[in-house]
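# Structure at a glance
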Amino acid sequence: MRDHSRPSLRRILLAALTGTLFAAATTAQADGGKRPPVPLLPQYQQECASCHTAYPPGMLPVASWQRLMKDLPRHFGTDASLDPAVTADLTRWLTANAGTYKRVDRAPPEDRISRSAWFIRKHDEVAAATWKLPAVKSAANCGACHTQADKGDYSERNIRIPR
Amino acid sequence: MNPTPSFSPRSFSLRAMAVAALLASTALISAAHAATPAGMLAGYTSQAGAPASAARGQQFFNRTHGKEWNCGSCHGAIPTQAGKHASTGKPIAALAPATNAERFTDTAKTEKWFRRNCNDVVGRECTAAEKADVLSWLQTLKP
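Residues numbered from 1 in each chain as written. Chains lettered and ligands numbered in written order. Predicted model: local features only at pLDDT ≥ 70, side-chain atom pairs only at ≥ 80, totals over all residues.

## Section: the overall build of chain B
This is how it is decided: Strands here mean DSSP runs of E at least two residues long; helices mean DSSP runs of H or I at least four residues long; both are numbered from the N terminus. With C-beta atoms placed from the backbone, a residue counts as buried when 20 or more other C-beta atoms lie within 10 Å of its own, as exposed when 12 or fewer do, and as partly exposed for counts between those limits.
Across its full length, chain B holds 6 helices and 2 strands. Counting over 143 residues, chain B shows a buried share of 26%.

## Description of the overall build of chain A
Quick note on the threshold: This entry defines residue contacts through backbone-placed C-beta atoms, with two residues in contact when those atoms are within 7 Å.
Along the backbone of chain A there are 6 helices and 0 strands. The N-to-C order of helical and strand elements in chain A reads α-α-α-α-α-α. Split into buried and exposed, the 163 residues of chain A put 16% on the buried side. Once local pairs closer than 6 in sequence are excluded, the contacts in chain A between residues at least 24 apart make up 61%.

## Some words on helix 2 (residues 37-48) of chain B
Residue and element names in this part refer to chain B. Note the cut-off: Expected span of a helix, by definition, is 1.5 Å for each gap between consecutive residues, and there is one gap fewer than residues.
For helix 2, built from 12 residues, the straight-helix expectation of 16 Å at 1.5 Å per residue is met to within 8% by its first-to-last C-alpha distance of 16 Å. Buried positions along helix 2 lie against helix 5 (107-121) and helix 6 (128-138). Among the residues trailing helix 2, G49 stands out with phi positive, at a value near 75°.

## Structural notes on the interface of chain A and chain B
The cut-off we apply is this: Only Asp, Glu, Lys and Arg are considered charged in this grouping, and only Ala, Val, Leu, Ile, Met, Phe, Trp, Tyr, Cys and Pro are considered nonpolar; every other residue, Gly among them, is considered polar.
Opposite the 12 residues of chain A that make contact, chain B presents 8 residues. Here the residues of the side of chain A that touches chain B are counted per class, giving 3 nonpolar, 7 polar and 2 charged.

## Considering the nonpolar core
Put simply, the rule reads: By our criterion, buried Ala, Val, Leu, Ile, Met, Phe, Trp, Tyr and Cys residues that link up through C-beta atoms within 7 Å make up a nonpolar core.
Among the nonpolar cores identified, the biggest contains 20 residues, and L41, A132, V134, L135 and L138 of chain B are the most heavily contacted of them. Contributions of two or more residues to this core are made by helix 2, helix 3 (54-62), helix 5 and helix 6 of chain B. In terms of residue count, helix 6 of chain B provides more of this core than any other element does, 6 residues in total. Excluding residues that lie within four positions of it along the chain, L135 of chain B makes contacts with P37, M40, L41, Y44 and F104 of chain B. The next biggest cluster of nonpolar side chains, apart from the first, holds 7 residues, and it includes M59, W65, A98 and V104 of chain A.

## Here's the deal with the confidence of the model for chain A
Residues and elements named next belong to chain A. Filter applied, for reference: Summary of the metric used: pLDDT quantifies the predictor's per-residue confidence within the range 0 to 100.
Averaged over chain A, the pLDDT score is 84; the fraction of residues at 70 or greater is 79%. For the stretch residues 1-5, pLDDT sits under 50, and the model shows 0 contacts to residues farther than four places along the chain or on other chains. Low pLDDT, under 50, characterises residues 19-33; the predicted model gives this stretch 3 contacts beyond four residues in sequence or across chains.

## Thoughts on the packing of helix 2 of chain B against helix 6 of chain B
Residue and element names in this part refer to chain B. The line we're drawing: With axes taken as lines fitted to C-alpha atoms, and helix axes fitted only over the stretch in contact, angles between N-to-C directions fall between 0 and 180 degrees. Put simply, a crossing is left-handed when the front helix is turned counterclockwise from the back one by less than a right angle, and right-handed when it is turned clockwise.
One way to put it is that helix 2 packs onto helix 6 with a least axis distance of 8 Å and a crossing angle of 145°. Viewed along their axes, helix 2 and helix 6 form a crossing whose handedness is left-handed. For the pair helix 2 and helix 6, contact is made by P37, M40, L41, Y44, T45, Q47 and A48 and by A128, A129, K131, A132, L135 and S136, respectively. By residue class, the composition of the contact of helix 2 with helix 6 is 9 nonpolar, 3 polar and 1 charged.

## What to know about the environment of G39 of chain B
For G39 of chain B, the location among the structural elements is in helix 2. Distance in space between the C-alpha atoms of G39 of chain B and T105 of chain B is 9.1 Å, their sequence separation being 66 residues.

## A closer look at the environment of A42 of chain B
All names here are of chain B. Mapped onto the elements of the fold, A42 is located in helix 2. Owing to 14 C-beta atoms within 10 Å, A42 belongs among the partly exposed residues under this scheme. Each C-alpha atom of the pair A42 and K142 lies 20 Å from the other, and the pair is 100 residues apart in sequence.

## What to know about unusual backbone geometry
All names here are of chain A. We note that F76 has phi near 50°; this positive angle belongs to a residue other than glycine. When you line up the elements, F76 lands in the loop between helix 3 (62-70) and helix 4 (84-96). One non-glycine residue, D111, adopts positive backbone phi at about 55°. Take D111: it is sitting in the loop between helix 4 and helix 5 (117-122). Look at D111 and you get partly exposed, because 18 C-beta atoms sit within 10 Å.

Right under this line is the structure:
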């Protein structure tokens, strides 16, 4: 049985973490309520963004990044293999910057960002016809609407939905 | 071994040799990055042991090889122009050296992409002869 009469170490740590996150959130609020994007590792952009948007690491939890990086030769139907040293470097950076906040803490189906509950909710006002436009084509094509996606900026003010 | 640092002629020459080795390896690395499309074609051709054929390269590039995609699925049928990734829609800069001077100037990068993309398109790595054919066709293209 656990002793609930005194705060456990885990609870103290949790309280400290919550305090830190709250403080960070409050600071970020001061500059318009937007969390500044994590600067993207140049090597990540070079290796991953040749084929797709350099998705911010915070959009997937650690478990998803680890699975994806272990299976690069079979990456959503294509061979995205890298040499072991580069794979290790990128995995280290992705897991260090992976999403930890509540809406990203669970791995989405197939580790696809676009199947995350938060992603679906945030895009529920985008018409089905818009997704099918040649300029959009795929939910992976963030830059079709998020004009600053290549810089990790997904803020509302930089959205231009093609017609 | 003498644990204290010394500046005897012997250790100086060791240091000089180390510096020379470092400079030489740096030169080798930059030489690897300063590859040219013509040099790469010569390399693949000599590995293949037979002359390259631009016509065969064009055909190889434009046909499918038992899988869903051909080379043009992502690079576009006209490789002097930009292509678009077949599944993500991400723009891909032109492949032909005539319109994209960065292409085929880094051996490691070229090898990495041949390895991945041949696996996607052909289901195996490409042979040196196939690479030579495609590269020789790409080098015939004008803007």
